[in-house]
Each structure stands twice: as C-alpha cells, then as structure tokens.
Amino acid sequence: MLKQLVPAVLCLLALLSACEPNSSESLEPVPKDTSDRPAEKKEDSGDSSMEIDSSATAALAAVNAWRQKGCECGSESMPPTSKVTWNSELYDAALAHAKDMHVNSYFSHTSPSGENVYHRLVKAGYVNNSVEIRTYGENIAFGNFDLKAAVQKWLGSPSHCANVMREAYREMAIAHHGNYWVQVFGTKRE
C-alpha cells in the first residue's frame, strides 16, 4: 500500500505549487539579447488584457471573503486581512505563464528558459524594475477544473492558502490556459 501512496502524494504535490520570491531568485531580469528584454508597456488592445468577467469577479470575491474573515491554513491560523483588487497586468503575467506551461509541457514557477515570476511581471508591464515592487507571489495548479475549483484547491493547501492570505498583497489576478492555472499577487511600492 505504501508503494501506491507515495506516487499519489507526489502527484498531489506536483499539482499544486506556491511561490513567493526567495533569496535564490533573481530580482532583476537578465536579458540574453534584445528579444528577451521586457517590452514597453502596451496599451490595452483587448487581445491579452481581460475585462473582468463574472467568473473572475466570483474568484476575486471568494479570495476576498477568505481574506476578510481569516482562516486556517493547515495548522496555521491566518487572521483577517485587507481585500485585494484585480489587476489586468497581473492577469497578463498569469496568462503568459499558463500559456507557456501549456505549450511547453512543464509545471513550474520557473520556465525552461529560466524566467520566473518577477520576469513575467516586468514583461507584463506591472513594474519596470525591482525598486518599484514591494512584494509578489504566485500559485499554480494543473487540472481539468473551473476557476471556482482552482481557488478552492489553493485554499485547501496550507502553503497556497498562506500565499492567498499574505497581508502584504494588494492586487491579484488568475488566468488559465488548457489545464494550467496561475494566480499572481503583487504590491507596488508607494
């Protein structure tokens, strides 16, 4: 039975992953050539930026309901905290990562080319450099489920739940492509 349980647990851990910046992550993008440099902030063309629809509104409301009432994230009690608002640039970063994972068949916060959450925030125009950002984080998930279920799965995982409840976050977005889900949080410096 243990031989069957270990792969099941490893599979579950692979399906959900939470990330916040740590000392091993680069805080500045390191462009290899001019094509890797972050693009200038684009005007909203309607192609990649999302008008917040009813499912995104519901997900934002669910996240904010948990943040406002507080919750248990595993054995850790998380106190109530402030609401987050939807941010279309965070959505662009989340969608780009979900698409990249889907197209390139991987599941990680770091792309095969070495791009991490911070790099995606710069490319999406959320910030231009590390001086402009106070904090950021990302949750990812893989599975054939809807947006409401994705939020529930993150809230059901202690590390993802703690990321959702992090007091320092002020903005968020969720995107998916195929069965890849990405939730990105951020707070800019004032």
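Reading the values: the criteria
Residues numbered from 1 in each chain as written. Predicted model: local features only at pLDDT ≥ 70, side-chain atom pairs only at ≥ 80, totals over all residues. Heavy atoms only, no water. Helix = DSSP H or I, 4+ residues; strand = E, 2+ residues; numbered from the N terminus. Expected span 1.5 Å × (residues − 1). Buried < 20%, exposed > 50% of the residue type's maximum accessible area, 1.4 Å probe, protein only. Contact = heavy atoms within 4.5 Å. Polar contact = N/O pair within 3.5 Å; in protein donor to acceptor, adjacent residues only side chain to side chain. Pairing = 2+ DSSP bridges. Salt bridge = Lys/Arg side-chain N within 4 Å of Asp/Glu carboxyl O. Phe/Tyr/Trp six-rings, centres within 6.5 Å; stacked < 30°, edge-to-face > 60°. Lys NZ or Arg CZ within 6 Å of the ring centre and 35° of its normal.

Caption draft 1: How the structure looks around helix H3 (residues 88–104). When the terminal C-alpha atoms of H3 are compared, their 24 Å separation across 17 residues agrees well with the 24 Å that a helix rising 1.5 Å per residue should span. By the burial criterion, the buried members of H3 are Glu 89, Leu 90, Tyr 91, Asp 92, Ala 93, Ala 94, Leu 95, His 97, Ala 98 and Met 101. The elements touched by buried residues of H3 are strand E4 (85–86), helix H4 (117–123), strand E5 (133–142), strand E6 (171–177) and strand E7 (180–188). Between the side-chain oxygen of the N-cap and the backbone nitrogen of Glu 89 there are 2.8 Å, and the N-cap of H3 in question is Asn 87. The positive-phi residue at the C-terminal boundary of H3 is Ser 105, with phi of around 55°.

Caption draft 2: Main features of the side chain of Glu 115. Relative to the helices and strands, Glu 115 is located in the loop between H3 and H4. A polar atom in the side chain of Glu 115 sits 2.7 Å from the side chain of Lys 123. Setting aside chain neighbours within four positions, we find Glu 115 in contact with His 109, Thr 110, Arg 120 and Lys 123.

Caption draft 3: Spotlight on the environment of Val 84. Relative to the helices and strands, Val 84 is located in the loop between strand E3 (76–78) and E4. Val 84 sits in the buried class, given a relative accessible area of 2%. Taking C-alpha positions, Val 84 is 10.0 Å from Met 165, a pair spaced 81 residues apart along the chain. Not counting chain neighbours up to four residues away, the residues in contact with Val 84 comprise Leu 60, Val 63, Asn 64, Arg 67, Tyr 169, Arg 170, Glu 171 and Met 172.

Caption draft 4: Seen up close, the pairing of E7. Of all nine residues in E7, eight are buried; the element is thus mostly enclosed. Sheet analysis places E5 next to E7, joined by nine bridges and oriented antiparallel. Its bridge partner lying in E7, Phe 142 is registered against Tyr 180. When E6 meets E7, the two strands line up antiparallel, connected through seven bridges. Note that in E7 the partner of His 176 across the bridge is Trp 181.

Caption draft 5: Geometry of the pattern of salt bridges. For the structure on display, the rule yields four salt bridges. One salt bridge connects Lys 123 with Glu 115, and the closest N-O pair in it is separated by 2.7 Å. Note on Lys 123: relative accessible area 40%, which makes it partly exposed. A relative accessible area of 17% means that Glu 115 is categorised as buried. Residue Glu 138 is joined to Arg 120 by a salt bridge in which the shortest nitrogen-to-oxygen separation is 3.1 Å. Taken together, the positions of Glu 138 in strand E5 and Arg 120 in helix H4 put the pair 18 residues apart, joining distant regions of the chain. On the accessibility criterion, Arg 120 (4% relative accessible area) is buried.

Caption draft 6: View of the packing of aromatic side chains. If you walk through the whole model with that rule in mind, you get five aromatic pairs. Summarising the aromatic geometry, the rings of Trp 86 and Tyr 91 are spaced 6.2 Å apart at their centres and angled 35° between planes, so their arrangement reads as tilted. Using a relative accessible area of 16% as the deciding quantity, one classes Trp 86 as buried. For Tyr 91, a relative accessible area of 12% puts it in the buried group. Here Tyr 169 and Phe 185 contribute two aromatic rings whose centre-to-centre distance is 4.7 Å and whose plane-to-plane angle is 10°, an arrangement assigned as stacked. One end of the pair, Tyr 169, is in the loop between helix H6 (158–164) and E6; the other, Phe 185, is in strand E7, with 16 residues separating them in the sequence. Classification of Tyr 169 as buried rests on a relative accessible area of 0%. Across from the ring centre of Trp 66, 4.4 Å away, lies the NZ or CZ of Lys 69, which sits over that ring. The ring centre of Tyr 126 lies 4.7 Å from the NZ or CZ of Lys 188, which sits over that ring.

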